[in-house]
Amino acid sequence: MTDAAASEQPRHAPTLLAVDAAGMLCIGGVPASLLAERHGTPLYAIDAALVRTRVAEVRAILPAGMRLHYAVKANPLPELLSLLAKLVDGFDIASLGELQAAVAAGKTGRDLGFAGPAKRDVELQAALDCGAVVNVESAGELARLSALAATGAQRGHAAIRVNPDFELRHSGMRMGGGAQAFGIDAEHVPSILKSWPDTIDFEGFHVYAGSQNLSGTQIAAALHKTYELCRDLAHHAPCPPALINLGGGFGIPYFAGDTRLDLAPIRTALHDIAASARQHLPGTTVLLELGRYLVGEAGVFLTRVIDRKTSRGETFLLCDGGMHNHLAASGNFGQVLRRDYPVWLARDPHAPAIETVNVCGPLCTPLDVLGRQVALPRAEVGDLIAIGQSGAYGASASPSAFLSHPQAGQVLV
Ligand SMILES: Cc1ncc(COP(=O)(O)O)c(C=O)c1O
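As the structure is a prediction and not an experimental result, all values here were calculated from the model.

## Thoughts on the overall build of the protein chain
Looking only at helices and strands, the protein chain has 11 helices and 22 strands in total. The C-alpha radius of gyration of the protein chain comes to 23 Å, within 12% of the 22 Å expected for a compact globule of 413 residues. Structurally, the protein chain occupies a C-alpha span of about 70 × 45 × 35 Å along its principal axes. If you take every contact in the protein chain between residues at least 6 apart in sequence, the share linking residues at least 24 apart comes to 71%.

## Concerning the packing of helix α4 (residues 78-87) against helix α5 (residues 96-105)
Two elements in contact, α4 and α5, have axes separated by 8 Å at closest approach and are oriented at 55°. As far as their axial angle goes, α5 and α4 are oblique. Crossing geometry of α4 relative to α5 is assigned as right-handed. Counted together, P78, L81, S82 and A85 of α4 and A101, A102, A104 and A105 of α5 form the full contact between these two elements. Of the residues assigned to the contact of α4 with α5, the class counts are 7 nonpolar, 1 polar and no charged.

## What to know about the pairing of strand β22 (residues 409-412)
Here β22 shows a buried face lined by Q410 and L412 and an unburied face lined by G409 and V411. Pairing between strand β4 (residues 43-46) and β22: 4 bridges, direction parallel. Across the sheet, L43 pairs through a bridge with G409, a residue of β22.

## Some details on the site of the ligand
By nearness alone, 16 residues border the ligand, and A71, Y208, S211, G291 and R292 come closest of all. Residue assignment for the shell around the ligand shows that the elements contributing at least two residues are β13 (210-213), β15 (285-290) and α11 (292-295). Residue composition of the shell around the ligand, grouped by class: 8 nonpolar, 4 polar and 4 charged.

## Digging into the environment of V136
Structurally, V136 can be placed in strand β8 (residues 133-136). C-beta crowding within 10 Å serves as the criterion here: with 27 such atoms nearby, V136 is assigned to the buried category.

## Brief notes about the nonpolar core
Of all hydrophobic cores here, the largest spans 118 residues; its most connected members are A32, L223, L302, I385 and A386. Broken down by element, the residue count for this core peaks at 8 residues, all from helix α9 (residues 216-234). When residues of this core are assigned to domains, at least three fall in each of domain 1 (3-46 + 297-412) and domain 2 (108-290).

## Points about the domain arrangement of the protein chain
According to the domain assignment, the protein chain contains domain 1 (3-46 + 297-412) and domain 2 (108-290). Computed over C-alpha atoms only, the centres of domain 1 and domain 2 are separated by 36 Å. Counting residues at the interface gives 10 residues for domain 1 and 11 residues for domain 2. Of the residues assigned to the side of domain 1 that touches domain 2, the class counts are 3 nonpolar, 3 polar and 4 charged.

## A few points about α9
Here α9 spans 27 Å end to end across 19 residues, near enough to the 27 Å set by a 1.5 Å rise per residue. Turning to α9, its buried residues are G216, I219, A220, A222, L223, T226, Y227, L229, C230 and L233. Looking at the buried side of α9, the elements it contacts are β9 (156-163), α8 (189-194), β12 (200-206), β13, β14 (243-245) and α10 (264-280).

## Notes on the sheet that holds strand β1 (residues 18-19)
One open sheet holds the 3 strands; their spatial order is β1-β2-β3, and the pairing between them is antiparallel. At either margin of the open sheet sits one strand with a lone partner, and together these are β1 and β3 (30-31). Inspection of the sheet shows β1 paired to strand β2 (residues 25-27) by 2 bridges, in the antiparallel sense. Opposite A18, over in β2, you have C26 as the bridge partner.

## As for helix α7 (residues 139-151)
The first and last C-alpha atoms of α7 sit 19 Å apart over 13 residues, in line with the 18 Å expected at 1.5 Å per residue. Of the residues making up α7, those classed as buried are E141, L142, L145, L148 and A149. Buried residues of α7, viewed axially, fall in a sector of 125°; they line one side. Along α7, the residues that are exposed and aim more than 90 degrees away from the buried face are G140, A143 and T151. At its buried positions, α7 is contacted by α6 (121-130), β8, β9, α8 and β12.

## Considering unusual backbone geometry
The omega torsion across T41 and P42 is -5°, close enough to zero to call that bond cis. Looking at the secondary structure, you find P42 in the loop between α2 (32-39) and β4. Phi at Q389 takes a positive value of approximately 55°, unusual for a residue other than glycine. Considering the arrangement of structural elements, one finds Q389 in the loop between β21 (384-387) and β22. One non-glycine residue, L403, lies in the positive phi region at around 70°. Residue placement: L403 occurs in the loop between β21 and β22.

Definitions and limits used
Residues numbered from 1 in each chain as written. Predicted model: local features only at pLDDT ≥ 70, side-chain atom pairs only at ≥ 80, totals over all residues. Helix = DSSP H or I, 4+ residues; strand = E, 2+ residues; numbered from the N terminus. Rg over C-alpha atoms; globule rule 2.2 N^0.38 Å. Contact = placed C-beta atoms within 7 Å. Axes fitted to C-alpha atoms, helices over the stretch in contact; angles between N-to-C directions. Parallel < 35°, antiparallel > 145°, perpendicular 65-115°, else oblique. Left-handed = near helix turned anticlockwise from the far one by under 90°. Nonpolar A, V, L, I, M, F, W, Y, C, P; charged D, E, K, R; others polar. Buried ≥ 20, exposed ≤ 12 C-beta atoms within 10 Å, placed from the backbone. Pairing = 2+ DSSP bridges. Near = placed C-beta within 6 Å. Core = buried A, V, L, I, M, F, W, Y, C linked by C-beta atoms within 7 Å. Domains from an automatic or database assignment. Expected span 1.5 Å × (residues − 1). Arc of directions from axis to C-beta.

Structure follows, in C-alpha cells:
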C-alpha cells in the first residue's frame, strides 16, 4: 500500500497508550511484560485509574441527584465490582450470579436493579431477600414475584421494564422498540399498573432501548423520548414513581473510523430532563445505567505469539489467546461485518508498522481471528500482542470451554 493510500485508511480513535522508558505498553502503570510474567497469558488487564476517570467524566455531566448505575454484565470481575461499588450509586444485575457478586461487592437493597427476561423463581426470591428492585419484564413475571412475596415475610420492590414504541437509532444492539423479549410493551403498561399487586411496592420504570451508540445527539433524543414516555405512564401508576431508569447505551470507539461519543448533547438532555422531573415528578430519582462506557476502554487483552508463519503470501501470528477468551474482538459477538479492535505489539506499540499480519488464536476454526490484515511492527515468537478496548464483554462473554484451552486470567491494576 502506498503512503497516501495508507493515510486515507480509517484509523482507530486515539487511546491513552502509556509506555515505559523502554517503550513497553503499560496498563495501570505496570509494563505488560511484567503483568504477563506474573499472571500468565492470555490475560485481561484492567486499568483502575481509567475506570475512575470514566466514572468521573460521566458524573460531571449528571445533574445533581441523578444516579449512575453500573451494568455488571459488562464485566463482573470481583475486584472491579469492589472498586465500582465505591464509585457508582448502584448496580444493574441480570442473574442470580450477578446478584451474588453485587452483594459481595457491597451493594444491596434498592441499589440493585434486576433486569433480564426469564428470571427463575429462585432469582426472584433472591431479589426479594435482598430488597433489590426487580425490573419486571412481563405480566407473568410480576404475578410470580407477587405470589412469592405473598408467601414470604418481605414486600417486593418492582419497576416495570417498558418496551418503548421507539428504537435507539444507530445503536450496535437494540433491546427496545418493535417486538421484543425484553420488557412490557408500552401500550400494555397502563392496564398492568391498574391492577398492581398489593404485595409489591411500585418503584417506577426502566427503559433500555439499546447499546453501543456513538451518537450523542441520538442518545440525547432517546433519553428525552424515554423520559416523556415514563412521565406519561406515571399518570397510570398507583403512586408516583420512586425511580425512572433511562438506560444509557453510551458506546466506545472499537473500530477504525469510529469517533468518541460526544457527551455534550447528552449533558444538555439530562439537565432538561432533571428540570422537568423537579417540576412534574418531584419525588422521582432519575438514573442511568452504563456498562461498557465505564470499563471498556480500561481493559487490554494480552496474548503471546506462540508461532509465526506464512501461508501463500500472508503472515500469521498464532497466539495463545483467541475467540474462546475474547469472542467480541473476534467479531462474533453481534458484529454484522467483522472489524478489528485496536491491535498493538505490546513491546513497542508506537513503533511504525512494517508488515501486514493476521493475528489468530489457537482454535481449529477460521472464526478465531483477533486481527485480520492488520499493520504492525514485526512481531516475533514470544512477543505479546495487545488488544485494546477490551474491558467490557470480554472473558464473561466468551465461550471459554470451547476446545478446553485454559481460561484467560484477569487482573485489575
Ligand atoms: C438492561 C441493560 N442494561 C445495561 C446494559 C449495558 O449496556 P452497555 O454495556 O452497552 O452500556 C445492557 C446491555 O446489554 C442491558 O441489557
